[in-house]
Amino acid sequence: MKEYNVGIVGATGAVGEEIALILEEQNFPVKKLIPLASSRSLGKNVAFKNGEIPVVELTPNVFAEYQIELAFFSAGGSVSAEFVPHATKAGAIVIDNTSHFRMQENVPLVVPEVNPEDIARCKEIGIIANPNCSTIQMVHILAPLHKHFGIERVDVSTYQAVSGAGKKGMEELIAQTQRFFDFTLNECEAQVFPHQIAFNAIPHIDVFFDDGYTKEEVKMIRETHKILHSEFPISATCVRIPVLRSHSESITILLAKESNLDEVRKILRNAPSVVLCDDPSQNLYPMPSLASGTDSTYVGRIRKDRYNPNIIHLWCAADQIRIGAATNAVRIAQQWAKIQHA
């Protein structure tokens, strides 16, 4: 397989570092890795294949200068808005981890286990968008169920780790926890989150819209519709909790027809990138501690509604830095590379 010059924009961030790690783990055909970041990160190195690669400053000309053929972006929407056009102009295919291009009509929004056929559409614009972390793990569950039963409605509540807000989010939780035990914690110390996050739950991720939903919640709704090419009703409530890594979700699904729980479990057991973890008698169910560091969405607590036989409830957990961002991005790249050599 052809090897590629690969750039990672935001290479020193949590997701950027994870992308480099997964490229190495998956033995992706990297000819040369170019870690890209702002001038503030100059002098830092990124670990890759038993070596340390110096960070290169992100500039409009760097993509042409280093002949970058595949560029991962994970440095925020404003950075993608400014620099993705320079990358595509230089001939690179961009896999963008931010929300900036996700809902642009001619940009495919891809979860490879669900809609890999959409990747080919990137030829039109040179960009493939990576969905929101909470969306990815949810569609891993919804897609096979929708295929077999049809879905009429979904209600989801998320329990999102602080690393979804980046390294600063993790640092704030750790610092507040230390101060709590030192008896020096004061809620005014909150900077990354709108309130104290240690020993708290905050039902507020991103900005609020006039209808009371947050931007994070609307992302989940709109992105799921685009990925599944289906627009059944969805309602979401997104909550930040004091967990360092891996998001959890409680999902209620109204199926188009009555289901058998054994059949539901079989479908999810056989779904790609899904691990069935569902034996309450043995205290076996998905948890962030189980999902962290893995490349699977764990699903369990599967049960029927007591009042409507067409409704099932379940719980899932996934490492949002890997499954929800870096792993999904690398899997997109793998599928894209296969298309190039088909």
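Quick caveat: nothing in here was measured; it's all calculated off a predicted structure.

**Brief notes about the environment of Ile227**
- Inspection of the secondary structure puts Ile227 in helix H6 (residues 215-228).
- Looking at Ile227, the relative accessible area reads 1%, which means it is buried.
- Separated by 111 residues in the primary sequence, Ile227 and Pro116 have C-alpha atoms spaced 9.8 Å apart.
- Apart from the residues lying within four places of it in its own chain, the contact partners of Ile227 are Leu109, Val111, Val114, Asn115, Pro131 and Thr135.

**Describing the pattern of salt bridges**
- Evaluation of the coordinates by the stated rule reveals 15 salt bridges.
- Asp278 is the salt-bridge partner of Arg265, the closest N and O atoms lying 2.7 Å from each other. Within this pair, whereas Arg265 is found in helix H7 (residues 261-269), its partner Asp278 is found in the loop between strand S12 (274-276) and helix H8 (288-291), the two being separated by 13 residues in sequence.
- The residue Arg322 makes a salt bridge to Asp295 at a minimum N-O spacing of 2.8 Å. Of this pair, Arg322 sits in helix H9 (residues 322-340) while Asp295 is found in the loop between H8 and strand S13 (297-304), placing the two residues 27 residues apart along the sequence.
- Relative accessible area serves as the criterion here: at 4%, Arg322 is assigned to the buried category.
- Classification of Asp295 by relative accessible area gives buried; the value is 19%.

**Focus on the nonpolar core**
- Judged by nonpolar contacts, the single largest core of 58 residues is most densely connected at Phe63, Leu145, Ile253 and Leu314.
- With eight residues, the top contributor of residues to this core is helix H4 (residues 133-149).
- Not counting residues within four places of it along the chain, the set of residues in contact with Ile253 comprises Leu142, Leu145, Ile151, Arg153, Val154, Asn310, Ile311, Ile312 and Leu314.
- Ranked by size, the runner-up nonpolar core spans 30 residues in total, among them Tyr4, Ile22, Leu23 and Cys122.

**Description of the pairing of strand S3 (residues 45-48)**
- Burial along S3 is one-sided: the face carrying Val46 and Phe48 is buried and the face carrying Asn45 and Ala47 is not.
- As paired elements, S3 and strand S4 (residues 51-54) share four bridges and run antiparallel to each other. Residue pairing in the sheet places Phe48 in a bridge with Gly51 of S4.
- Between S3 and S4, which pair antiparallel one after the other, the connecting turn spans two residues, and Lys49 there sits at a positive phi close to 50°.

**Quick notes on the sheet that holds strand S8 (residues 127-129)**
- Taken in spatial order, the six strands line up as S5-S2-S1-S6-S7-S8 in an open sheet, and their pairing is parallel. Single-partner strands in this sheet number two, and they are strand S5 (56-57) and S8.
- Summarising the sheet, strand S1 (residues 4-9) and strand S6 (residues 70-73) pair through four bridges and their orientation is parallel. Across the sheet, the residue bridging to Val9 is Phe73, located in S6.
- The sheet contacts of helix H1 (residues 14-25) involve S1, strand S2 (30-37) and S6, and relative to S1 the element is tilted by about 155°.
- Where H9 meets the sheet, its contacts fall on S1, S6, strand S7 (93-96) and S8, and the angle it forms with S6 comes to roughly 160°.

**Brief notes about the environment of Ala92**
- With respect to the element layout, Ala92 can be found in the loop between helix H3 (77-89) and S7.
- For the pair Ala92 and Ser80, spaced twelve residues apart in sequence, the C-alpha separation works out to 14 Å.

**Considering the side chain of His247**
- Note on placement: His247 falls in strand S11 (residues 247-255).
- With relative accessibility at 0%, the residue His247 sits in the buried group.
- At a separation of 2.9 Å, a polar atom in the side chain of His247 contacts the main-chain amide nitrogen of Ala161.

Criteria and thresholds
Throughout this description, residue numbers start from 1 for each chain and increase along the sequence as written. This being a predicted model, a pLDDT of at least 70 is required before a residue's local features are given, and a value of 80 or more before pairs of side-chain atoms are given or counted; all residues contribute to the totals for chains, interfaces and linings. Side-chain metrics rest on all non-hydrogen atoms present in the structure, leaving aside hydrogens and water. We count a stretch as a helix when DSSP gives it H or I for four or more residues in a row; a strand needs E for two or more, and each element gets its number in order from the N terminus. With a 1.4 Å probe rolled over the protein chains alone, any residue whose accessible area is under 20% of its type maximum counts as buried; one over 50% counts as exposed, and the rest are partly exposed. Residue contacts follow a heavy-atom distance rule, with two residues in contact if any of their heavy atoms lie within 4.5 Å. Each salt bridge in this description consists of a side-chain nitrogen of Lys or Arg and a carboxyl oxygen of Asp or Glu lying within 4 Å of one another. Here, the term nonpolar core denotes a set of buried Ala, Val, Leu, Ile, Met, Phe, Trp, Tyr and Cys residues that are joined through side-chain atoms within 4.5 Å. For two strands to count as paired, DSSP must find a minimum of two bridges between them. Geometry is summarised by axes, namely lines fitted to C-alpha atoms with helices restricted to the contacting stretch, and by angles between N-to-C directions that run from 0 to 180 degrees. Nitrogen and oxygen atoms within 3.5 Å of one another constitute a polar contact, given that in protein one can donate a hydrogen and the other can accept it, and given that sequence-neighbouring residues count only through two side-chain atoms.

Any functional reading would require information beyond the geometric quantities listed.
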